Amino acid sequence: MKSAGKAVVLLYLVAAALVVYSVGLVFTSNFNMGNLMVWLLTAAVAGYAIWHKPVNAWLHTGPGRVVGLMLGVLAAAYLLLVGFVAISGYTNPPTGQEQVIIVLGAGLRRDKPSTLLRYRLDKAYEYAVEHPDVLVITSGGQGRDEWVPEGQAMRDYLIEKGLDPERVLAETASTSTEENFAFSLRILQEHGYDTDTPMVYVSNAFHCYRAGRYARMAGFTTVHALAAATPWRSVLPCYLREALALAYYWVFKTSATGPMHGMVGLLDLNKRFFYK
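The structure displayed is predicted, hence computed values, not measured ones.

Caption draft 1: Quick look at the overall build of the chain. Counting its regular elements, the chain contains ten helices and seven strands. Projected onto its principal axes, the C-alpha positions of the chain cover 70 × 35 × 35 Å. Within the chain, the proportion of its 276 residues that are buried is 46%. In the chain, of all internal contacts separated by at least 6 residues, the share reaching a separation of at least 24 is 75%. If you sum the accessible surface of the chain, you get close to 13600 Å²; carbon and sulfur atoms cover 65% of it. Once the 24 positive and 21 negative side-chain charges of the chain are each reduced to a mean point, those two points are 16 Å apart.

Caption draft 2: Region of the structure containing the sheet that holds strand E1 (residues 100–104). The strand order across the open sheet built from five strands is E5-E4-E1-E6-E7, with neighbouring strands paired in parallel fashion. If you trace the sheet from one side to the other, it starts and ends with strand E5 (168–171) and strand E7 (223–228), each paired once. When strand polarity is set aside, the average angle formed by the axes of neighbouring strands in this sheet is 25°.

Caption draft 3: Molecular detail of the nonpolar core. Judged by nonpolar contacts, the single largest core of 52 residues is most densely connected at Ile101, Ile102, Phe181, Met199, Tyr201 and Phe220. Residue contributions to this core peak at six residues, all from helix H5 (residues 115–130). In this structure, Ile102 is in contact with Ile137, Ser139, Phe181, Ser184, Leu188, Met199, Val200, Tyr201, Val202 and Phe220, ignoring residues within four places of it in sequence. By size, the runner-up hydrophobic cluster in this structure holds six residues, among which are Met33, Met37, Val38 and Leu240.

Caption draft 4: Layout of the UniProt feature "transmembrane region" (unreviewed entry) in the chain. In this structure's numbering, the residues bearing the UniProt feature "transmembrane region" (unreviewed entry) are residues 7–27, 33–51 and 63–87. The span residues 33–51 shows a helical share of 95% and a strand share of 0%, and its end C-alpha atoms are spaced 27 Å apart. For the annotated span residues 63–87, helix accounts for 100% and strand for 0% of the residues, and the straight-line distance between the end C-alpha atoms is 36 Å.

Caption draft 5: Representation of H5. Taking 1.5 Å of rise per residue, 16 residues should cover 22 Å, and H5 covers 23 Å from first to last C-alpha, within 8% of that figure. Residues of H5 that are buried: Thr115, Leu116, Leu117, Arg120, Leu121, Ala124, Tyr127 and Ala128.

Caption draft 6: Layout of the pattern of salt bridges. Counted according to the given criterion, the structure contains three salt bridges. A salt bridge links Arg210 to Glu242; the shortest N-O distance between them is 2.8 Å. Here the residue Arg210 occupies a position in helix H8 (residues 208–218), and Glu242 occupies one in helix H9 (residues 235–252), the gap between them amounting to 32 residues. As far as the burial class goes, Arg210 and Glu242 line up, both buried. Here Glu242 makes a salt bridge to Arg241, at a shortest N to O gap of 2.6 Å. You can call Glu242 buried: its relative accessible area is 2%. Residues joined in a network through salt bridges with shared partners are Arg210, Arg241 and Glu242.

Caption draft 7: The arrangement of a nonpolar patch on the surface in detail. Together, Val19, Val23, Val26 and Phe27 make up an exposed nonpolar region whose accessible area comes to about 390 Å². As for its placement among the helices and strands, Val19 is situated in helix H1 (residues 3–28). Overall, Val19 belongs to the partly exposed group, its relative accessible area being 36%.

Caption draft 8: Layout of the packing of aromatic side chains. Inspection of the entire model under this criterion finds seven aromatic pairs. Joined through ring pairs, the aromatic side chains of Phe84, Tyr209 and Trp250 make up one cluster. Note that Lys161 overlies the ring of Tyr125, its terminal NZ or CZ placed 4.8 Å from the centroid.

Caption draft 9: Structural context of the UniProt feature "domain: DUF218" (unreviewed entry) in the chain. Per the UniProt record, "domain: DUF218" (unreviewed entry) is found at residues 99–234. Annotated as 39% helix and 22% strand, the span residues 99–234 places its first and last C-alpha atoms 31 Å apart.

Caption draft 10: Main features of the pairing of E7. Where burial is concerned, most of E7 is hidden: six out of the six residues are buried. Examined bridge by bridge, strand E6 (residues 199–204) and E7 share six bridges and lie parallel to one another. For Val200, the partnering residue across the bridge sits in E7 and is His224. For the handedness criterion, the β-α-β arrangement of E6, H8 and E7 is classed as right-handed.

Caption draft 11: Region of the structure containing the side chain of His52. As for its placement among the helices and strands, His52 is situated in helix H3 (residues 52–59). For His52, a relative accessible area of 10% translates into the label buried. Here the side chain of His52 touches Ala49 through a polar contact of 2.9 Å, landing on its backbone oxygen. Discounting residues that sit within four places of it in the chain, His52 has contacts with Val8, Leu11 and Tyr12.

Reading guide: rules and limits
- Residues numbered from 1 in each chain as written.
- Predicted model: local features only at pLDDT ≥ 70, side-chain atom pairs only at ≥ 80, totals over all residues.
- Heavy atoms only, no water.
- Helix = DSSP H or I, 4+ residues; strand = E, 2+ residues; numbered from the N terminus.
- Buried < 20%, exposed > 50% of the residue type's maximum accessible area, 1.4 Å probe, protein only.
- Contact = heavy atoms within 4.5 Å.
- Areas by Shrake-Rupley, 256 points an atom, 1.4 Å probe, with all protein chains shown as cover.
- Lys, Arg positive; Asp, Glu negative; His and termini not counted.
- Charge placed at Lys NZ, Arg CZ, Asp CG, Glu CD.
- Pairing = 2+ DSSP bridges.
- Axes fitted to C-alpha atoms, helices over the stretch in contact; angles between N-to-C directions.
- Core = buried A, V, L, I, M, F, W, Y, C linked by side-chain atoms within 4.5 Å.
- UniProt positions renumbered as here; feature names shortened; annotations may be inferred.
- Expected span 1.5 Å × (residues − 1).
- Salt bridge = Lys/Arg side-chain N within 4 Å of Asp/Glu carboxyl O.
- Patch = residues over 30% accessible without salt bridge, like charges linked within 9 Å, V, L, I, M, F, W, Y side chains within 5 Å.
- Phe/Tyr/Trp six-rings, centres within 6.5 Å; stacked < 30°, edge-to-face > 60°.
- Lys NZ or Arg CZ within 6 Å of the ring centre and 35° of its normal.
- Right-handed = clockwise from strand over helix to strand, strands pointing away.
- Polar contact = N/O pair within 3.5 Å; in protein donor to acceptor, adjacent residues only side chain to side chain.

In structure tokens, the structure reads:
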């Protein structure tokens, strides 16, 4: 088979895989920005697979070359952002000297942690067991389709796994990553801690860089990240969305300003979930 023919076959296979994956998202998760980006990517790849001959012919025209160059630059920039997201989550690991763990919420299924959130909680539990003097704060408010606040369900999960209830405090009012840290800091101050207390936060690796920036924005001075893995089925929407959210953060520095402020619940998938 000629190389051109192999490329077309590969294109069809990629398009088919994306279609199957996208259909799965419809039945296994709520609407959110990450899913929307996967669906748009699927539509673009599938459309190109079907009409690749006329599209290729047009790309060899004058206007087509300009559009192709612009799309290539945008795709390269986006891939660089995704690469940064993939690497940056592991660049600030805990030292073992932390006195506080803050576990960031990531959505519930009714009153139980989602898969994404369980990955965070299990990672936090391992660290808490290895460091028995560390105080744990579970942080997250109650979403529209959640039966209890995330912070409460997270605390219950960790206690059921074996942590001493006296060690685990629940923050139950936050609606964004920024509020996770701001409201958790208030609880810490009520218990004799301050902004200089060494702290480690737990989130999935894709979210750790931006979360660290928000932690410092809240006032924490000694901050480290404990990166949890991401369920394989959630990798594509999470990383595509986080690259966009990171670019938005670099421009506006916060989710509380800018044109996407009204969609913060969709942009900040730290408060959303993907799979049961």
